[in-house]
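The residues making up each chain are set out below.
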Amino acid sequence: MNLFFLPSRNIALTIPVMLVTGFIAGLYLNTSFLKDYILLVTVLIMIYPTMIGFKTNEIINTSHTRLLLAASVINFILVPLLAYVLGVVFLLRDPQLFAGLAIASLLPTSNMTIAFTHFGRGNIPAAVKLTVISLVFGSLLAPWYLYIMVGGYIEINVLAMLQTVSMVIFLPLFMGITTYNIILKKYTREEFENTVKPYLPALSAWGMVYVIFTGISTNAHTIVSKPGLLLVSLMVWVFFYAFNYMISIKAGRRYFNRQDSVTLVFGTVLRNLAISIGLAATAFGVTAAFMVSLAFLFQGQSAAWFVRLNEKYNILPEDSADLRIKTN
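Read on for an overview of the structure. Note that the structure is predicted; figures quoted are calculated from it, not measured. (Residues numbered from 1 in each chain as written. Predicted model: local features only at pLDDT ≥ 70, side-chain atom pairs only at ≥ 80, totals over all residues. Heavy atoms only, no water.)

So, about the overall build of the protein. If you tally the helices and strands in the protein, you get 16 helices and 0 strands. Computed over its C-alpha atoms, the radius of gyration of the protein comes to 19 Å, within 12% of the 20 Å expected for a compact globule of 328 residues. Summarising its shape, the C-alpha atoms of the protein cover approximately 65 × 55 × 40 Å along the three principal directions. In the protein, which comprises 328 residues, the proportion classed as buried is 50%. Intrachain contacts of the protein at a sequence separation of at least 6 include 84% that bridge at least 24 residues. Accessible surface, the protein as shown: approximately 15500 Å² in total, 67% of it carbon and sulfur. Measuring between centres, the 21 positive side-chain charges of the protein sit 5 Å from its 12 negative side-chain charges. (Helix = DSSP H or I, 4+ residues; strand = E, 2+ residues; numbered from the N terminus. Rg over C-alpha atoms; globule rule 2.2 N^0.38 Å. Buried < 20%, exposed > 50% of the residue type's maximum accessible area, 1.4 Å probe, protein only. Contact = heavy atoms within 4.5 Å. Areas by Shrake-Rupley, 256 points an atom, 1.4 Å probe, with all protein chains shown as cover. Lys, Arg positive; Asp, Glu negative; His and termini not counted. Charge placed at Lys NZ, Arg CZ, Asp CG, Glu CD.)

Here is the structure:
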């Protein structure tokens, strides 16, 4: 059990270790055969467990409308625009890397959003709703956005892309909802949360380990021959997250109270990297998946630091929006 839970409990350490291990293995071993199992691992091991317990009723819930609207503008207009600019400026030498960046920019929020909203004392019900809605809308919009963003540099068949999205996202979603309903016939919701749910992120983490190892190992020789691409890719992610934080913090300070501001930040900065890496690998190949895997180096750590800095320096001041409304 300790081995099974090891990656999920030590994700900040697991990802760099797998990147280094995969890189070394790729230099001396032929790991290309691992790509043949990317789709299977992505659907059944990495994404399917995250869909068990998916709250479909949150889609039709009409609460938190203003917050959800602001998050949607940032997630589906400003962030893709940011990714497009960064991709055109820095990644045109390798459009596969551009595609990985684009995919990550189009699939916002994950369970990390809910977790860090809790750590930051944000609006958790709004975070849950935002996570559900963003996954559905992001999945539907992704093929069309990808065609606009990278279609001029990579051949994209929108119909084939829709089929890939259905396979990688909607099939596991259907399986997850069905599985959850079956589980509830044997367990109560509380028993599911305490008995079954803790195992699901651990299983998903092992799928992520496989995809990251495959992505880095099969790109090891490319990295050695073009080390500048790795440095540029890392720099792009630094810019991506830095600008994303700036946008969401500014919007939160101006229009929302502290709780909703925390939810807005983590609902727009944190991307659904687990699904992004799976979709990138199946739709564009391991190079695109490698680009997404690099984001793991920044996302969790930056969110943890934001929680600490916000508590210490009040980056999102208490009741800032309320005070402005009273003043006006």
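After presenting the structure, the write-up continues.
Let's shift gears to the pattern of salt bridges. Between side chains of opposite charge, pairing is possible as soon as their charged atoms come close. Under the counting rule described, the total for this entry stands at 3 salt bridges. A salt bridge links Glu 311 to Arg 121; the shortest N-O distance between them is 3.2 Å. Highlighted residues: Glu 311 in helix H15 (residues 286–313) and Arg 121 in the loop between helix H6 (111–119) and helix H7 (124–150), separated in sequence by 190 residues. With a shortest N-O distance of 3.7 Å, Arg 258 and Glu 311 are connected by a salt bridge. You can see Arg 258 sitting in helix H13 (residues 258–269) and its partner Glu 311 sitting in helix H15, a full 53 residues away along the chain. Within the structure, one salt-bridge network assembled from shared partners comprises Arg 121, Arg 258 and Glu 311. (Salt bridge = Lys/Arg side-chain N within 4 Å of Asp/Glu carboxyl O.)

What follows is about empty space enclosed by the protein. All chains considered together, the criterion is met by 1 cavity of 30 Å³ or more. Of the voids in this model, the largest cavity is the one considered here, and its volume is about 80 Å³. Surrounding the largest cavity, Asp 94, Leu 97, Asn 219, Thr 222, Ile 223, Lys 226, Leu 229, Leu 230, Thr 287 and Phe 290 form its lining. Those elements giving two or more residues to the lining of the largest cavity turn out to be helix H11 (220–225), helix H12 (227–255) and H15. Taken together, the residues of the lining of the largest cavity sort by class into 5 nonpolar, 3 polar and 2 charged. (1 Å grid on protein atoms, 1.4 Å probe; cavity = no way out; pocket = protein on both sides within 12 Å on 5 of 7 lines; lining within 4 Å. Points joined across faces, edges and corners; volume = space filled by probe spheres on them. Nonpolar A, V, L, I, M, F, W, Y, C, P; charged D, E, K, R; others polar.)

Attention shifts here to the packing of aromatic side chains. Under the definition given, this model contains 15 aromatic pairs. Centroid distance Phe 4 to Phe 5: 5.4 Å. Interplanar angle 80°. Geometry classified as edge-to-face. Look at Tyr 180 and Phe 192: their rings are 4.9 Å apart centre to centre, the planes differ by 65°, and that puts the pair in the edge-to-face class. With Tyr 180 in helix H8 (residues 158–183) and Phe 192 in helix H9 (residues 189–196), the pair connects residues that are 12 residues apart, well separated along the chain. Accessibility expressed as a relative area gives 12% for Tyr 180, which makes it buried. (Phe/Tyr/Trp six-rings, centres within 6.5 Å; stacked < 30°, edge-to-face > 60°.)

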